[in-house]
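Chain by chain, the residues run as shown.
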Amino acid sequence: MSNNPFAGRRYINLLRASTNMQDTSPEQQKSDNDRFAQKLGMKWVEDKELLGVSGSKTFNRHDLTELLRQRRLHKNYDVILVWDSARLTRGGATHSAMIRRDFARESVAIISSAETIPTGHFKDVIQTLIDTNNKMTTQRTACCVTRGLRAALENGRIAHHGGLPIGVDLQYLNGRGEPFLRLRALSGGRRCLISEPSGDVLKTIERGKHGVAAYTMNSDEKSRLVPGDPAVVRIIQEAFNLRYRDKWGFSRICDHIAAAGLYPLRSNFWRTTSVRDMLLNPVYLGWAYYFKMKTGLFYSASKSGLEEREINQDELEAKGRASVPRERRSVNDMLRIEHPQLQNLISDKEVRSAALQAINHNFQNWELRHDRVAVTNRSEERRVGKECRSRWSP
């Protein structure tokens, strides 16, 4: 009589990877899983690849709901095979136990190919310790990344975090403080790396084709924001003049920019909201605010340091949210970083003074909207954002 309870049982590979930089790629997971399943005499049914799915965000794991529905309707598998417990979830012991309980009720076992968990009375105890450690590892990583990002901005090692504004380049400096490379954002979500000082384009990166940084800095290198393509800078300067000196509306400026042949970075045409955001961006006056929102699942950086967030993911799941809620932060809690190379981009004193007044007014209103009720989904978020922009436009 065989002591192997999995011989002849049908299995599905659950192959999850939150980023494409992980060593545990879906291909490697599948290879290890299939060898493990072959030793146990199981029969392959299909692979479920989950690319870009976070194991820490338990409130939007629709893949698990779909697997349960598939089992109830078709009963075409008996085992879910994961590489390790972290591939199933990083939501902690409670979330892991809930998943395993729900599938056990449908007579489905969840096993891993890379972990050896003994059977017996202490099986659940050991599984709890593994799941707790997986969640703690994620929290420690989030803490280190958030703290490191804030320190790098504050200490001047990196000049910017997030997408580049239109007309502004990210310039890289070597250990001697000499520029040798710059990153430029192009229309259509593309980016290009330009050699300094020759101006030769070394590489163009299409949107969505490069999941990591365009350039990885060495320990002795720094970066700074500088004016970009002169033709684009000229159009931006014209837009500032039309708004703050000639009192043009956003729609009219939108048509003017489009007629000049300038396209937005991530869209096919200009919207009035995009023009408004550009003309209220302080980066064109020589500084920028960072950490305007509390966005992290576990931690969020601010002007004063690191803040721990308490997010009830059960409540998010009940509301049907697809993302972690963002909380507006007071302007006094934002981290302000100066960009000296951009201070003369808008040189007209009258235009600069009017723009400064409008930008300060906008961020004061940002603070007034700080406690606005959180929205539940993307469409509602866009509606609220549009309402806020129309209400608080200077």
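The present account deals with the structure reproduced in this document. As the structure is a prediction and not an experimental result, all values here were calculated from the model. (Residues numbered from 1 in each chain as written. Predicted model: local features only at pLDDT ≥ 70, side-chain atom pairs only at ≥ 80, totals over all residues. Heavy atoms only, no water.)

Moving on, we get to the pattern of salt bridges. Side chains that carry opposite charge are capable of pairing whenever their charged atoms lie near each other. Scanning the model with the defined rule gives 24 salt bridges in all. Notably, a salt bridge pairs arginine 71 with aspartate 78, separated by 3.4 Å at the nearest N-O pair. Across this residue pair, the class does not change: arginine 71 and aspartate 78 are buried. A salt bridge links aspartate 169 to arginine 184; the nearest nitrogen and oxygen atoms lie 2.8 Å apart. Of this pair, aspartate 169 sits in strand S5 (residues 168-173) while arginine 184 is found in strand S6 (residues 179-185), placing the two residues 15 residues apart along the sequence. The class for aspartate 169 is buried, based on a relative accessible area of 1%. Here the salt bridges do not stand alone but share partners, grouping Asp169, Arg182, Arg184 and Glu196 into one network. (Salt bridge = Lys/Arg side-chain N within 4 Å of Asp/Glu carboxyl O. Buried < 20%, exposed > 50% of the residue type's maximum accessible area, 1.4 Å probe, protein only. Helix = DSSP H or I, 4+ residues; strand = E, 2+ residues; numbered from the N terminus.)

Taken in spatial order, the four strands of this open sheet run S2-S1-S3-S4, and their pairing is parallel. The open sheet has two free edges, formed respectively by strand S2 (43-51) and strand S4 (109-112), since each of these has just one partner strand. Between one strand axis and the next, the sheet turns by 25 degrees as a mean value, whatever way the strands run. Two strands pair when backbone bridges link them, and strand S3 (residues 79-82) and S4 are joined in this way by four bridges, in the parallel orientation. Residue pairing for S4: isoleucine 80 is matched across the bridge by isoleucine 110. Each of strand S1 (10-17), S2, S3 and S4 is contacted by helix H1 (residues 26-40), which is oriented at about 155 degrees to S1, the strand it contacts most. (Pairing = 2+ DSSP bridges. Axes fitted to C-alpha atoms, helices over the stretch in contact; angles between N-to-C directions. Contact = heavy atoms within 4.5 Å.)

All quantities given are derived from atomic positions and should not be read as evidence of function.
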